[in-house]
Amino acid sequence: DTLDGIQKTINYRVTNGDETITLDLPPGINDNTILQISGRGDNANTAVPRGNLEVVVRVKPNPRFQRVGDEHVLTEVTINCFEAILGMDINLDTPRGKTIKLTIPPGTQSGTQFGVTDEGFRRPNRTVGKLIIKVNVKIPTALTKDQINLVQQIQSLRPVNT
């Protein structure tokens, strides 16, 4: 919700009733930001001007995407070691709801990062940061005897760059 800025309508209670206000939250607003809206505070004493309404913005974390600095978004994908060796294409959802195809080239190492432009947070100059995709390579731990034999055969060939 905070990638490009949002409008948020809130209801709040003052002494003489309930009120509603719509806030324009800027792109990339941080958790615990305090917004002060003048003249929208309590209305208990009509003989004096109303004070300020203070709104504490709480940004819920997303389970799949993590903010990196002020402009980028990080997500992680996990592939197995054979997919890393051979390379693969993977469909990936972006924070804005698009689906993209990421090509993971053969020989990709665990921790490798790929960047997708214009999928991060909107900057003040109207450009957009990146979606950073970190690849984690998982090594199988429960191989059959036949699978272990095949891996040993591959290992005996001694690949050039190991």
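What comes next is a walk through the structure.

Parameters and conventions
- Residues numbered from 1 in each chain as written.
- Predicted model: local features only at pLDDT ≥ 70, side-chain atom pairs only at ≥ 80, totals over all residues.
- Heavy atoms only, no water.
- Helix = DSSP H or I, 4+ residues; strand = E, 2+ residues; numbered from the N terminus.
- Rg over C-alpha atoms; globule rule 2.2 N^0.38 Å.
- Buried < 20%, exposed > 50% of the residue type's maximum accessible area, 1.4 Å probe, protein only.
- Contact = heavy atoms within 4.5 Å.
- Areas by Shrake-Rupley, 256 points an atom, 1.4 Å probe, with all protein chains shown as cover.
- Salt bridge = Lys/Arg side-chain N within 4 Å of Asp/Glu carboxyl O.
- Expected span 1.5 Å × (residues − 1).
- 1 Å grid on protein atoms, 1.4 Å probe; cavity = no way out; pocket = protein on both sides within 12 Å on 5 of 7 lines; lining within 4 Å.
- Points joined across faces, edges and corners; volume = space filled by probe spheres on them.
- Nonpolar A, V, L, I, M, F, W, Y, C, P; charged D, E, K, R; others polar.
- Pairing = 2+ DSSP bridges.
- Axes fitted to C-alpha atoms, helices over the stretch in contact; angles between N-to-C directions.

1. Considering the overall build of the protein
Thought 1: A tally of regular secondary structure across the protein gives two helices and 10 strands.
Thought 2: Going residue by residue from the N terminus, the α and β elements of the protein occur as β-β-β-β-β-β-α-β-β-β-β-α.
Thought 3: For the protein, the C-alpha radius of gyration of 25 Å lies well beyond 15 Å, the compact-globule estimate for 162 residues.
Thought 4: In terms of overall dimensions, the protein has a C-alpha envelope of 90 × 35 × 25 Å along the principal axes.
Thought 5: For the protein, the residues scored as buried account for 28% of the 162 residues in total.
Thought 6: A separation of at least 24 residues holds for 44% of the contacts in the protein among residues at least 6 apart in sequence.
Thought 7: Carbon and sulfur atoms make up 51% of the accessible area of the protein, which totals about 11,300 Å².

2. Quick look at the pattern of salt bridges
Any two side chains of opposite charge can pair if their charged atoms end up close together.
Thought 1: With the rule as written, the count across this model stands at 10 salt bridges.
Thought 2: With a shortest N-O distance of 3.2 Å, Asp4 and Arg122 are connected by a salt bridge. Remark: Arg122 occurs in the loop between strand S9 (113-116) and strand S10 (131-138) and Asp4 occurs in the segment before strand S1 (6-14); sequence separation between them is 118 residues.
Thought 3: Relative accessible area serves as the criterion here: at 32%, Asp4 is assigned to the partly exposed category.
Thought 4: The closest approach of N and O atoms between Arg50 and Glu19, which form a salt bridge, is 2.9 Å. In this pair, Arg50 sits in the loop between strand S3 (33-37) and strand S4 (53-57) while Glu19 sits in strand S2 (residues 17-25), placing the two residues 31 residues apart along the sequence.
Thought 5: Counted as one network, the salt bridges with shared partners bring together Asp4, Arg96 and Arg122.

3. Section: helix H2 (residues 145-156)
Thought 1: Taking 1.5 Å per residue as the helical rise, H2 with its 12 residues ought to reach 16 Å, and the 16 Å between its terminal C-alpha atoms agrees with that figure.
Thought 2: Once H2 ends, the next one or two residues include Arg158, with phi positive near 50 degrees.

4. Examining the layout of surface pockets
Thought 1: Empty space within the largest pocket amounts to approximately 760 Å³.
Thought 2: Around the largest pocket sit 24 residues that line it, and Asp1, Thr2, Arg58, Val59 and Lys60 are the ones nearest its centre.
Thought 3: Listed by contribution, the elements that provide at least two residues to the lining of the largest pocket are S1, S2, S4 and strand S5 (66-68).
Thought 4: Tallied by class, residues from the lining of the largest pocket come to 15 nonpolar, three polar and six charged.

5. A short note on the sheet that holds S5
Backbone hydrogen bonds are what pair the strands of a sheet, in a parallel or an antiparallel way.
Thought 1: Across the sheet, four strands lie side by side as S5-S6-S10-S9; this open sheet has mixed pairing. Each edge of the open sheet is held by one strand with a lone partner, namely S5 and S9. Within this sheet the neighbouring strands show an average axis-to-axis angle of 35 degrees, counted without direction.
Thought 2: Bridge count for strand S6 (residues 72-80) against S10 is eight bridges, and the pairing is parallel. The residue of S10 that forms the bridge with Val77 is Val135.

Take it as geometry only, folks, not as evidence of what the structure does.
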